[in-house]
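# Examining the three-dimensional arrangement
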Amino acid sequence: MTEKTKALAVRECDFLDLSKENELLQELAQYQARRLEAIRNFLTGEVPAGFIKHKKPRNEPYAEANYMRDQVHLVTNWGDSWQQTQLQVGKTHIHVTGELTITWPNGQTRIYTGNAITAIKMRKDGKGAVDLGFSIKSADSEAWKKAAANAGFCRQLYAAKE
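Residues numbered from 1 in each chain as written. Predicted model: local features only at pLDDT ≥ 70, side-chain atom pairs only at ≥ 80, totals over all residues. Heavy atoms only, no water.

### Digging into the packing of helix 2 (residues 21–44) against helix 3 (residues 65–76)
The cut-off we apply is this: To obtain an axis, a line is fitted to C-alpha atoms, over the contacting stretch when the element is a helix, and the angle between two such axes runs from 0 to 180 degrees between their N-to-C directions. Secondary structure elements are defined from DSSP: runs of H or I of at least 4 residues count as helices, runs of E of at least 2 residues count as strands, and each element is numbered from the N terminus. Should an angle fall under 35 degrees it is called roughly parallel, over 145 degrees roughly antiparallel, and 65 to 115 degrees roughly perpendicular, with every other angle called oblique. Contacts are assigned to residue pairs that have any heavy atoms within 4.5 Å of one another. Under the grouping applied here, Gly and all other residues not named as nonpolar or charged are polar, the nonpolar ones being Ala, Val, Leu, Ile, Met, Phe, Trp, Tyr, Cys and Pro and the charged ones Asp, Glu, Lys and Arg.
Where helix 2 contacts helix 3, the axes come no closer than 8 Å and their chain directions differ by 105°. As the angle between them shows, helix 2 and helix 3 are arranged roughly perpendicular. In this structure, helix 2 contributes Y31, R34, R35, A38, I39, N41 and F42 to the contact, and helix 3 contributes Y67, D70, Q71, L74, V75 and T76. Of the residues belonging to the contact of helix 2 with helix 3, the class tally is 7 nonpolar, 3 polar and 3 charged.

Listed below in structure tokens is the structure:
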């Protein structure tokens, strides 16, 4: 290998910072551990106690959408997508329906449907919505969570409701 070829090879590999190799290996190990835990949680239907929240006033248990999304991404290795298929905005409520498409690690693709009806947060003076966008996002998240529950995620919390 000539000096010019060596210089080109080094220049092409400049983006690889090998001094951070151990740090990258640690991050990979942490990701793999999180993925294995998510797969175990999916297979058993369990939700770790620290991720269970309670809705007032009935003290109803639930898992936050961000936790469920993280679990879906880890189990499917980012093999999922969400498509909102229907949005109806009424005077007091929003109805959202959507489809969660999951490509499972075995290559099988399935579509799970979820829907939710959420009350629009109204201003105290009764003159319109506080934030219509927030209410739509809230309904969309609830519909997504129902689709994920239909796929089998967080069964400990949602199996009895379905």
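That was the structure; now back to the text.
### Examining helix 3
Structural remark: α-helix, 3.6 residues per turn; residues separated by three or four positions point the same way. Cut-off, in case you're wondering: Expected helix span is given by 1.5 Å per residue-to-residue step, counting one fewer step than there are residues. Buried residues are those whose accessible area, probed at 1.4 Å on protein chains only, stays under 20% of the maximum for their type, while exposed residues exceed 50% and partly exposed ones sit between those limits.
Spanning 12 residues, helix 3 covers 16 Å between terminal C-alpha atoms, matching the ideal 16 Å at 1.5 Å per step. Within helix 3, burial applies to A65, Y67, M68, Q71, V72, H73, L74, V75 and T76. On the buried face of helix 3, the contacting elements are helix 2, strand 2 (60–63), strand 3 (80–89), strand 4 (93–103), helix 4 (132–150) and helix 5 (155–158). N77, located one to two residues past helix 3, shows a positive phi value of around 55°.

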